[in-house]
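Listed here are the chains, written in short residue letters.
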Amino acid sequence: MIKLYNTLIRKKEVFKPINKDRVGIYSCGPTVYSHQHIGNIRTYIFSDLLKRVLIYNGFKVKHVINVTDVGHLTSDADVGEDKMDLAVRKEGKKAGAIADFYFRQFKSDLKKVNVLFPDVWPKATEHIKEQIALIKKLEKKGFIYKTSDGIYFDSTKFKGYGKLAGLNIKGLIEGKRVAKAEKKHKTDFALWKFSSPDSKREQEWNSPWGLGFPGWHLECSAMSMKYLGARFDIHTGGEDHIQIHHTNEIAQSEAATGKKFVNYWLHGAYLLYKDKKVSKSTGGLYTISELEELGFSAGAFRYLCLLTHYRKQLNFSLDNLDSAQKAYDKARRKIIELRNEKHKGADFTRDYELKFLEAINDDLNMPRALGIFLEALNDFDFSPAKKLKLLEKFDRVLGLGVKDIKEEKVKIHAEVRNLLKEREGYRKSQQWEKADILRKMIRERSFEIEDTPKGPKLRKI
Ligand code: AMP
Ligand code: ZN
């Protein structure tokens, strides 16, 4: 039994798929006008954990992550510029080239943090036909109206608008007209925006209503329904999508089909920096590659994410990443040691397995699951061979790459090697105090000495 926190009802509930053993998940994808920062990546680690938990429980998962390469405006109020157009002007390149570049970077970063790739990566620009067809359906049912700058969805015509976010629609609508976008109501939203007659856009298409481009919310409805059906199981995204993007996806999809669109809405909490949401439009924060340049591993970032529940905001700092890196390295070293351990031990597989399953099935409680993983790893009485097998199984969810952990060849600086040699000299002549001073000096250079029967070994700390 898997319990998931459903934003729609604001509580945890037992997950029941539409089909017996197949689950459809749609995750709102990157807007590819810039790099995906580690806040974005945290949200994809969250949907990856969700997918892995479902697979661990025996479900077959069809996962879709879209690519937003048109239509995401700089303002949620349907005014402002398309973010892709801004990038075209800034970078002086074609929109397609910009989208390809950042999409490739995104995939490379996801790989580094061990996120399983989705079955489909649909691009908005390759699904214009489907988006136009969806507007036509809404037109037939009387949900749309035209203004001078686009085609809008009339949110007052959809009963239950705002149910996901618990919006007080009455308060939002009364007396408020948004002059610039000529909307009838504040909560109405653009399905299709017209190209401006005096500035030619690179990305524009003909439609029954005029030359232009689709709205961002529309693309997710059209592509999710194309690949997962008019009704599907789970939709994910960051918590910033609840109020507007997902609220509008529900409205237009359910208005068009007359069916419940998605059963479970799951949202990942923000990654913060100095208590503020990390946001791409205000400069973002580190990317995974930038963390690597600073000497951290992508795996350590995943480890850091596992330490905080996905519904809790994570205040990022290089110090907490450093602690995660140390804990992650320690676990990796123990796993390498475990492979060489030969002592006998009891079989606690079942006990740990039950605890682990309970944790992951309780709304993806990864901090607890990781704790159980480490408890098993450190359990000396647990048979090493059975333990290793179990940890590899747990890793199908955690994704720390247990099977691939190898002894890493660490570059040892000549200075450290010389200090080690000098210390050996003092040890041989039993000058322990001097030997200890050298151990300290080596430690200050981030290496720990382990004295083994075969001689001293250096380990990076
Ligand atoms: P975008 O590329 O801006 O469309 O965002 C991609 C995904 O990252 C979306 O699911 C967002 O909700 C999510 N996201 C954006 N900023 C953050 C953040 N600071 N922390 C976590 N997720 C975020
Ligand atoms: Zn979306």
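Residues numbered from 1 in each chain as written. Chains lettered and ligands numbered in written order. Predicted model: local features only at pLDDT ≥ 70, side-chain atom pairs only at ≥ 80, totals over all residues. Heavy atoms only, no water.

1. Considerations on the site of ligand 1
Note the following rule: The criterion for a residue being near a molecule or strand is simple. One of its heavy atoms has to lie within 4 Å of it. Pairs of N or O atoms within 3.5 Å make up the polar contacts considered here, provided that, within protein, one atom can donate a hydrogen while the other can accept it, and that residues adjacent in sequence are counted only when both atoms are side-chain atoms. Computed with the Shrake-Rupley method and a 1.4 Å probe, the accessible areas treat only the protein chains shown as cover for residues. The numbering of helices and of strands both runs from the N terminus, where a helix is a DSSP run of H or I of at least 4 residues and a strand a run of E of at least 2. Ten residues, namely Ala, Val, Leu, Ile, Met, Phe, Trp, Tyr, Cys and Pro, are considered nonpolar, four, namely Asp, Glu, Lys and Arg, are considered charged, and the remaining ones, Gly among them, are considered polar. Note that domain bounds follow an automatic or database assignment of domains.
Close to ligand 1 lie 20 residues, the nearest being Thr43, Asp240, Leu271, Val278 and Lys280. At 2.7 Å, a side-chain N or O of Thr43 approaches a nitrogen atom of ligand 1. If ligand 1 stood free it would expose 490 Å²; the protein chains cover 96% of that surface. Elements with a minimum of two residues in the shell around ligand 1: helix 1 (38-56) and strand 9 (232-238). Of the residues in the shell around ligand 1, the class split is 6 nonpolar, 11 polar and 3 charged. Each of two domains, domain 1 (17-268) and domain 2 (273-404), supplies a minimum of three residues to the shell around ligand 1.

2. Here's the deal with the confidence of the model for the protein chain
Convention followed: Known as pLDDT, the predictor's per-residue confidence is scaled from 0 to 100. Every residue pair with non-hydrogen atoms within 4.5 Å of one another is taken to be in contact.
Overall, the predicted model of the protein chain reaches an average pLDDT of 91, with 96% of residues at or above 70. pLDDT under 50 marks residues 174-180. Its contacts with residues more than four places away, or in other chains, come to 9 contacts.

3. Points about a positive patch on the surface
As a reminder of what qualifies: Patch membership requires over 30% relative accessible area and the absence of a salt bridge. Like charges are linked within 9 Å, and nonpolar side chains (Val, Leu, Ile, Met, Phe, Trp, Tyr) within 5 Å. The term salt bridge refers to a pairing of a side-chain nitrogen on Lys or Arg with a carboxyl oxygen on Asp or Glu at a separation within 4 Å. Positive charges come from Lys and Arg alone, negative charges from Asp and Glu alone, with His and the N- and C-terminal ends not counted. To locate a charge, the coordinates of NZ of Lys, CZ of Arg, CG of Asp or CD of Glu are taken.
On the surface, Lys137, Lys141, Arg231, Lys259 and Lys260 cluster together to form a positively charged patch. On the secondary structure map, Arg231 appears in the loop between helix 6 (216-228) and strand 9.

4. Observations regarding the packing of aromatic side chains
Which entries qualify depends on this criterion: For Phe, Tyr and Trp, where Trp contributes only its six-membered ring, two rings pair if their centres lie within 6.5 Å, and the inter-plane angle classes them as stacked under 30 degrees, edge-to-face over 60, or tilted in between. The buried label applies to any residue whose accessible area, calculated with a 1.4 Å probe on protein chains only, is under 20% of its type's maximum; exposed applies above 50%, and partly exposed to all values in between. Only Lys NZ and Arg CZ are tested; either one counts as a charge over a ring when it is within 6 Å of the ring centre and within 35 degrees of the ring normal.
Following the criterion strictly, the structure yields 20 aromatic pairs and no others. Judged by centre distance (5.3 Å) and plane angle (75°), the rings of Phe117 and Trp121 are edge-to-face. When the centroid spacing of 5.0 Å and the interplanar angle of 20° are considered together, the rings of Phe153 and Phe189 count as stacked. Here Phe153, found in strand 6 (residues 150-153), pairs with Phe189, found in strand 7 (residues 189-194); they are 36 residues apart in sequence, far enough to count as distant. Of the two residues, Phe153 and Phe189, neither departs from the other in class, the shared state being buried. Here the aromatic cluster, defined as three or more aromatic residues joined through ring pairs, consists of Tyr44, Phe103, Phe106, Phe117 and Trp121. Seen from the ring of Phe101, Lys93 lies directly overhead, with NZ or CZ sitting 5.9 Å from the centre.

5. Topic: the domain arrangement of the protein chain
Let me state the cut-off plainly: Buried surface area refers to the total accessible area, computed with a probe of radius 1.4 Å, that the two partners give up upon joining, counted for both partners together.
Domain annotation for the protein chain reports domain 1 (17-268), domain 2 (273-404) and domain 3 (414-460). Spacing between the C-alpha centres of domain 1 and domain 2 amounts to 32 Å. For the pair domain 1 and domain 2, the two sides together bury roughly 2,800 Å², of which 62% comes from carbon and sulfur. The three residues of domain 1 that bury the most area against domain 2 are Ile38, Arg42 and Tyr56, which together make up 30% of that side's buried surface. Put simply, domain 1 and domain 2 have 3 salt bridges between them. One salt bridge connects Lys112 with Glu292, and the closest N-O pair in it is separated by 2.9 Å. Where domain 1 touches domain 2, the interface holds 13 residue pairs in polar contact (both at pLDDT 80 or more). Secondary-structure elements contributing two or more residues to the side of domain 1 that touches domain 2 are helix 1, helix 3 (95-112) and strand 10 (262-268). Residues of the side of domain 1 that touches domain 2, tallied by class, amount to 12 nonpolar, 10 polar and 7 charged.

6. Re helix 13 (residues 384-398)
What counts is decided by this rule: To estimate how far a helix should reach, multiply one less than its number of residues by 1.5 Å. An arc is given here, and it is the one of the directions from the helix axis to the C-beta atoms.
The end-to-end C-alpha separation of helix 13 is 20 Å, in line with the 21 Å expected for 15 residues at 1.5 Å each. The set of residues buried in helix 13 consists of Pro384, Lys387, Leu388, Leu390, Leu391, Phe394, Asp395, Val397 and Leu398. The buried residues of helix 13 occupy an angular sector of 165° when the element is viewed end-on, so they sit on one face. Exposed positions of helix 13 whose direction lies more than 90 degrees from the buried face are Ala385 and Lys389. Residues of helix 13 that are buried in the fold lie against helix 1, helix 9 (298-306), helix 10 (318-340), helix 11 (349-361) and helix 12 (366-377). The first or second residue beyond helix 13 is Gly399, which carries a positive phi of 70°.

7. Comments concerning the pairing of strand 15 (residues 455-460)
Selection criterion: One bridge is not enough; two strands pair if DSSP finds at least two bridges between them.
In terms of strand pairing, strand 14 (residues 447-452) meets strand 15 through 6 bridges, oriented antiparallel. Along strand 15, the bridge assignment pairs Thr452 with Gly455. Where strand 14 folds back on strand 15, the antiparallel hairpin that results is connected by 2 residues.

8. A look at the sheet that holds strand 9
The test is simple: Every axis corresponds to a line fitted to the C-alpha atoms, with the helix fit spanning only the stretch in contact, and the corresponding angles, defined between N-to-C directions, vary from 0 to 180 degrees.
Across the sheet, which stays open at both edges, the 4 strands sit in the order 4-3-9-10 with parallel pairing between neighbours. The open sheet has two free edges, formed respectively by strand 4 (60-65) and strand 10, since each of these has just one partner strand. Put simply, the sheet's adjacent strands are angled 20° from each other on average, direction ignored. In this structure, strand 3 (residues 22-27) lies alongside strand 4, joined through 6 bridges in parallel fashion.

9. Things to note about the nonpolar core
Selection rule: For this analysis, a nonpolar core means a set of buried residues of the types Ala, Val, Leu, Ile, Met, Phe, Trp, Tyr and Cys, connected via side-chain atoms within 4.5 Å.
Ranked by size, the top nonpolar core spans 83 residues in total, and within it Leu54, Ile234, Phe301, Phe316 and Met366 carry the most contacts. In terms of residues, this core owes the most to one element, helix 1, which gives 10 residues. Taken domain by domain, this core gets at least three of its residues from each of domain 1 (17-268) and domain 2 (273-404). In this view, Phe316 contacts Ile38, Leu271, Leu272, Tyr273, Leu285, Tyr286, Leu291, Phe301, Leu304 and Leu321; residues no more than four positions away in its chain are not counted. Leu73, Leu134, Phe189 and Met223 belong to the second largest nonpolar core, which has 43 residues in total.

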